[in-house]
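# Observations on the model geometry
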Amino acid sequence: MEGLLSRAGPVVVDVASGSAGAGGRKIDPRVAEAVKRYWGFDELRPLQEESIAATLDGRDSLTVLPTGGGKSLCYQVPPVVTGKLTLVVSPLIALMQDQVMGLKLAGVSAAAAHGLQSERDQDELRAMIRSGELRLLFVAPERLLSAGFLSWMSRLRIGAIAVDEAHCISQWGHDFRPEYRRLRELRDVLPGVPLCAYTATATPRVREDIVEQLGLVDAKVMVGRFDRANLIYRVQPRVNAREQVEEALRRHVGKKGAEGGGAIVYCLSRRETEEMAEYLRGRGIEARAYHAGLDADVRTKLSSDFRNERLNVVCATVAFGMGIDRGDVRCVVHATMPKSVEAYQQETGRAGRDGLEAECVLLHSGADVIRWKNLMSKPAADGTVTPTEVLTTQNELVESMHRFAVAARCRHRMLSEYFGQAYEGAVEGQSECGACDFCLGELEDIPAAQEVARKIISCVARTGQGYGAGHVADVLLGANVERVRRLAHDQQSTFGLLRGMGRDVVMSCINQLIDAGVLARSEGEYPVVTLTESSKLVLRNQTGTGGMGEGAVRLVRPRVMVEDAGAVSGAVAGGGVRVKSKRSRASDLLNDADREVFEALRELRRELAKEREVPPFVVCSDAVLVEVAQKRPRSVEELRKVKGIGQRKAEEFGEAVVSEIAKWSKGQMGK
Ligand code: ADP
Ligand code: ZN
């Protein structure tokens, strides 16, 4: 694609698009049985199958799956099948605890070793390991690499080492942790044990770094599809951040049940998070600010409240990131444009982990680009200055993000292509994805597009095809800037021809013309906009907006403030056509009666979670509750047929669920 700079290298093994049984291999019956018994799933996703097989074959591997893609199962299944212990390196205690709780509820023996353990916990842990019953041990890297731990480990029968959130090893990643760098030492202590890395990071550079830094040997690298089909992307120029944020949130929070869930509003500065949270509270939305300037215990409390559904809306800097494994985040809003498409993918990735529909709203303005560039060129708090080449790369990333924001194309397609993958998610009988503002028909036509296009083309021609889109826009807008005057472009006949149009809109139009092949953009550090064969056709076409024939162009812009709140899928698109969505959202999947049951089950889940002191999503996901609400099982045996209910969970929660449903049915009869 022209509009965005693609940064992806070759995809190494791309098995995600294949059907089940990828690679022609028959699924190992031991794997199938374990997955059904403990997790209640009838099948594995193709990449999960490949990844598990690689570990069982004793191979080093790197598994790249988007958030919600099911990475945990990839390292949880092998130890259950082989009966040997898997060590899982995990960066955060909260993440470890959720995983351990989840595994225990599924009937798999698991434990965590970290600094905050009591003596008793440690004794218990040692006993579990000695008896050979422990299947997964989660360890923080610094603990793992302590001398005592290493020598102790070398005497254990370890089947595999899983490195979760493996991008933490790379300084090009977004969560660099220097202690991850030492993990390759494990090789010497545990020779012959496969080292298996897992990440959601889509950047090839980080992936290569992982393989190199961990010292993986002949690793099988498996890369899944990055597209998150259940996310709806909306992109709007920022006019009034507070109102736009509130409007987006109102589509999700403050309603009962299925439409509730969590929401995250990302802001650039600490002050902005506080102001936004305060504004929202004033509007009756219970929101809290989260940033690195708060005391550690305040931050821990906020994270814990969010995970336990005691708090649903958080206004945060990117410090609120890793460890947010709550499954029902229904909405992520960016009040400011993030610094790269990579960061955007990462942050929006926190929405909809449970696979149900979720919305991502990006607010942006040209000012964000300038803010980022200023921030990045400033020396860090400790006085270190970013080297020039790194700065150049970072600036390019910001520009790519801005191009994404002002483009008028399918957002799902752009994201996939940015990460070097062809987009395959188009819905039949629909324009493209049916899950972004562009495809949902929420962009409006720019009046007199043909004329706007002609003015842009003339300006590119008159200024000699030697300048970037920003400069061309400045000339057209009649901007009073030094560079325009110095080049005497304020003397050009095209100077000020689009005066009064927003700068972002003009930038967007230039990008749209590039995407349509009417203009071209050169490669390199300072890309310039040039003419193409089609430029002439557009200049010659006299039919005007909406006209047909050679050289007719259409330019669009976002409707700021989408009035129709119902425009979240299942939505009414431009001409009043109902858009079919292949994404599922709890509220669409459920009829009124189902929904009542769903609400009751959610409440029950909250109680059961509280009794066990675990976050509700650890008990089960919303997707499971939806299916239970629809099937309304009358016995524990029937409940067992629901996807995601394994044997152990059926035993532990079955009675409570079945009787809750029976209670509801009885209430119905009485009506
Ligand atoms: P990741 O770690 O990649 O973000 P998770 O491991 O948390 O993803 O899985 C995301 C969701 O997908 C969870 O709710 C999990 O239960 C579900 N899931 C994982 N594998 C399967 C499968 N094979 N079939 C159905 N659901 C699955
Ligand atoms: Zn789309």
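Our structure is the block above this text.
Anyway, here's the lowdown on the structure attached to this text. Note that the structure is predicted; figures quoted are calculated from it, not measured.

A count of helices and strands for the protein gives 27 helices and 17 strands. Within the protein, the proportion of its 671 residues that are buried is 55%. Accessible area of the protein: about 28,800 Å², with a carbon and sulfur share of 50%.

What follows concerns helix H23 (residues 592-612). Helix length check: H23 (21 residues) gives 30 Å between terminal C-alpha atoms against 30 Å at 1.5 Å per residue, within 8%. One or two positions beyond H23, positive phi appears at Glu613, with a value near 55 degrees.

Between helix H17 (residues 449-462) and helix H18 (residues 469-477), whose axes approach to 10 Å, the crossing angle comes to 115 degrees. Relative to H18, the element H17 is oriented roughly perpendicular. Viewed along their axes, H17 and H18 form a crossing whose handedness is right-handed. Side by side, H17 and H18 meet where Lys455, Ile456, Cys459 and Val460 of the first sit next to Val472, Val475 and Leu476 of the second. Grouping the amino acids of the contact of H17 with H18 by side-chain chemistry returns six nonpolar, no polar and one charged.

Another aspect to go through is the coordination of the zinc ion (ligand 2). All of the protein donors around the zinc ion (ligand 2) are Cys410 (SG), Cys433 (SG), Cys436 (SG) and Cys439 (SG); their distances to the metal are 2.2 to 2.4 Å. Around the zinc ion (ligand 2) sit four donor atoms; with metal-centred angles ranging over 103 to 122 degrees, the donor geometry is tetrahedral. One chain supplies every donor for the zinc ion (ligand 2), spaced along it as C-x22-C-x2-C-x2-C. A relative accessible area of 2% means that Cys433 is categorised as buried.

Looking now at the site of ligand 1. Around ligand 1, the structure places 14 residues, and the nearest of them are Gln48, Gly68, Lys71, Ser72 and Arg353. Contact between ligand 1 and Gly70: an oxygen atom at 3.0 Å from a main-chain N or O atom of the residue. In this structure, an oxygen atom belonging to ligand 1 sits 2.8 Å away from a side-chain N or O atom of Lys71. About the coverage of ligand 1: the protein hides 78% of its 560 Å² of free accessible area. For the shell around ligand 1, the element with the highest residue contribution is helix H3 (residues 71-82), accounting for three residues. Split into classes, the residues belonging to the shell around ligand 1 amount to four nonpolar, six polar and four charged.

Attention now moves to the environment of Ile93. Inspection of the secondary structure puts Ile93 in helix H4 (residues 93-106). According to the relative accessible area criterion, Ile93 is partly exposed, its value standing at 26%. Separated by 21 residues in the primary sequence, Ile93 and His114 place their C-alpha atoms 7.2 Å from one another.

Moving on: the sheet that holds strand E1 (residues 61-64). Across the sheet, seven strands lie side by side as E3-E4-E2-E5-E6-E1-E7; this open sheet has parallel pairing. The open sheet is flanked by strand E3 (110-113) and strand E7 (220-223), the only strands paired with a single partner. On average, adjacent strands in this sheet sit at an angle of 20 degrees to one another, irrespective of strand direction. Strand direction decides the pairing type here: E1 and strand E6 (residues 195-199), joined by four bridges, are parallel. Bridge pairing in E6 links Leu62 to Ala197. Taken strand by strand, helix H2 (residues 46-56) contacts E1, strand E5 (158-163), E6 and E7, and its axis lies near 165 degrees from that of E7.

In this section: the sheet that holds strand E9 (residues 262-266). Strand order in this open sheet of six strands is E8-E13-E12-E9-E11-E10, and the pairing throughout is parallel. Bordering the open sheet on either side are strand E8 (231-237) and strand E10 (287-290), each of which pairs with just one other strand. When strand polarity is set aside, the average angle formed by the axes of neighbouring strands in this sheet is 15 degrees. Summarising the sheet, E9 and strand E12 (residues 329-334) pair through five bridges and their orientation is parallel. Pairing of Gly262 across the sheet is with Val329, part of E12. Contacts from helix H12 (residues 296-307) reach E9, E10, strand E11 (313-316) and E12, with the element oriented near 135 degrees to E10.

Below, the discussion takes up the pairing of strand E2 (residues 85-89). The element E2 is extensively covered by neighbouring structure, given that five of its five residues are classed as buried. Alternating positions in E2 separate into two faces, Leu85, Leu87 and Val89 on one and Thr86 and Val88 on the other, with burial throughout. For E2 and E5, the ladder comprises five bridges, and the chain directions are parallel. By the bridge assignment, Leu85 is partnered in E5 with Ile158. Bridging between E2 and strand E4 (residues 136-139) involves four bridges; their strand directions are parallel. Counterpart to Leu87 in the pairing with E4 is Leu137.

Each regular strand shows side chains that alternate between the opposite faces of the sheet. By the alternation rule, side chains of E7 split into Lys220 and Met222 and Val221 and Val223, which are all buried. For E1 and E7, the ladder comprises four bridges, and the chain directions are parallel. Of the residues in E7, the one forming a bridge with Ser61 is Lys220.

Turning our eyes to something else, we now look at the nonpolar core. Ranked by size, the top nonpolar core spans 87 residues in total, and within it Leu137, Leu144, Met153, Leu183, Leu214 and Phe404 carry the most contacts. Among the elements that take part in this core, helix H15 (residues 388-406) stands out by supplying six residues, more than any other. Counting residues domain by domain, this core receives three or more from each of domain 1 (12-223) and domain 2 (231-440). Excluding residues that lie within four positions of it along the chain, Met153 makes contacts with Leu87, Leu144, Ile158, Leu186 and Leu190. Among the nonpolar cores identified, the runner-up in size contains 30 residues, and Val472, Ile510, Val553 and Leu555 belong to it.

Looking now at helix H16 (residues 411-418). Across the eight residues of H16, seven count as buried, placing the element largely inside the fold. Where H16 is concerned, the buried positions are Arg411, His412, Met414, Leu415, Ser416, Glu417 and Tyr418. Each element contacted by the buried residues of H16 is listed here: E8, helix H13 (341-348) and H15. Looking one or two residues beyond H16, the residue adopting positive phi is Gly420, at roughly 80 degrees.

Turning our attention to the packing of aromatic side chains. One pass over the full model with this rule turns up nine aromatic pairs. Ring pairing ties together the aromatic residues Phe226, Tyr418 and Phe419, which thus form one cluster. Sitting above the plane of the Phe306 ring, Arg326 keeps its charged end 4.8 Å from the centroid. Lying across the ring of Phe404, Arg411 places its NZ or CZ 6.0 Å from the centre.

The subject of this paragraph is unusual backbone geometry. Peptide bonds are mostly trans, and most non-glycine residues show a negative phi. Within the chain, Ala448 stands out as a residue other than glycine whose phi angle is a positive 55 degrees. Turning to its location among the elements, Ala448 is positioned in the loop between strand E14 (443-445) and H17. On the accessibility criterion, Ala448 (35% relative accessible area) is partly exposed. With a phi angle near 60 degrees, Ala488 is a residue other than glycine that sits in the positive phi range. If you trace the backbone, Ala488 turns up in the loop between helix H19 (482-486) and helix H20 (503-515).

What counts as what
Going along each chain's sequence as written, the residues are numbered from 1 onward. Chain labels run from A onward and ligand labels from 1 onward, assigned in the order the entries are written. Reporting of local features is limited, given that this is a predicted model, to residues whose pLDDT is at least 70; pairs of side-chain atoms are given and counted only at 80 or more, and all residues count toward the totals for whole chains, interfaces and linings. Note: side-chain values were computed over all heavy atoms of the structure, leaving out hydrogens and water. What counts as a helix is a DSSP run of H or I of at least four residues, what counts as a strand is a run of E of at least two, and both are numbered from the N terminus. For every residue, the accessible area (1.4 Å probe, protein chains only) is compared with the maximum for its type, and the residue is labelled buried under 20%, exposed over 50%, or partly exposed between those bounds. Each accessible area value is a Shrake-Rupley result obtained with a 1.4 Å probe; residue values ignore everything except the protein chains displayed when judging cover. To estimate the expected span of a helix, subtract one from its residue number and multiply by 1.5 Å. Lines fitted to C-alpha atoms define the axes, with helix axes restricted to the stretch in contact, and inter-axis angles between N-to-C directions lie between 0 and 180 degrees. Any angle between 65 and 115 degrees counts as roughly perpendicular, while under 35 counts as roughly parallel, over 145 as roughly antiparallel, and the rest as oblique. Whether a crossing is left-handed or right-handed is set by the direction in which the near helix is turned from the far one by less than a right angle, anticlockwise for left-handed and clockwise for right-handed. By definition, residues are in contact when any of their heavy atoms lie within 4.5 Å. Charged residues are taken to be Asp, Glu, Lys and Arg, nonpolar residues to be Ala, Val, Leu, Ile, Met, Phe, Trp, Tyr, Cys and Pro, and polar residues to be all remaining types, Gly included. Any N, O or S atom lying within 2.8 Å of the metal counts as a donor, with the limit raised to 3.2 Å for Na, K and Ca; because water is left out of the atom set, some sites can appear incomplete. Only four donors with every angle between 85 and 135 degrees are called tetrahedral; only four or six donors with opposite donors over 155 degrees apart and all others between 65 and 115 are called square planar or octahedral, in that order; all others are irregular. Any residue with at least one heavy atom within 4 Å of a molecule or strand is counted as near it. Polar contacts here mean pairs of N or O atoms no more than 3.5 Å apart (in protein, one a potential hydrogen donor and the other a potential acceptor; neighbouring residues in sequence count only if both atoms are side-chain atoms). Should DSSP find at least two bridges between two strands, the strands are regarded as paired. Put simply, a nonpolar core is a bunch of buried Ala, Val, Leu, Ile, Met, Phe, Trp, Tyr and Cys residues held in one set by side-chain atoms that sit within 4.5 Å of each other. Note: domain ranges come from an automatic or database domain assignment. Pairs were defined over the aromatic rings of Phe, Tyr and Trp, the Trp ring being its six-membered one, requiring ring centres within 6.5 Å. Orientation was assigned from the angle between planes: stacked under 30 degrees, edge-to-face over 60, tilted for the rest. The rule for a charge over a ring is simple: NZ of Lys or CZ of Arg within 6 Å of the ring centre, and within 35 degrees of the ring normal.

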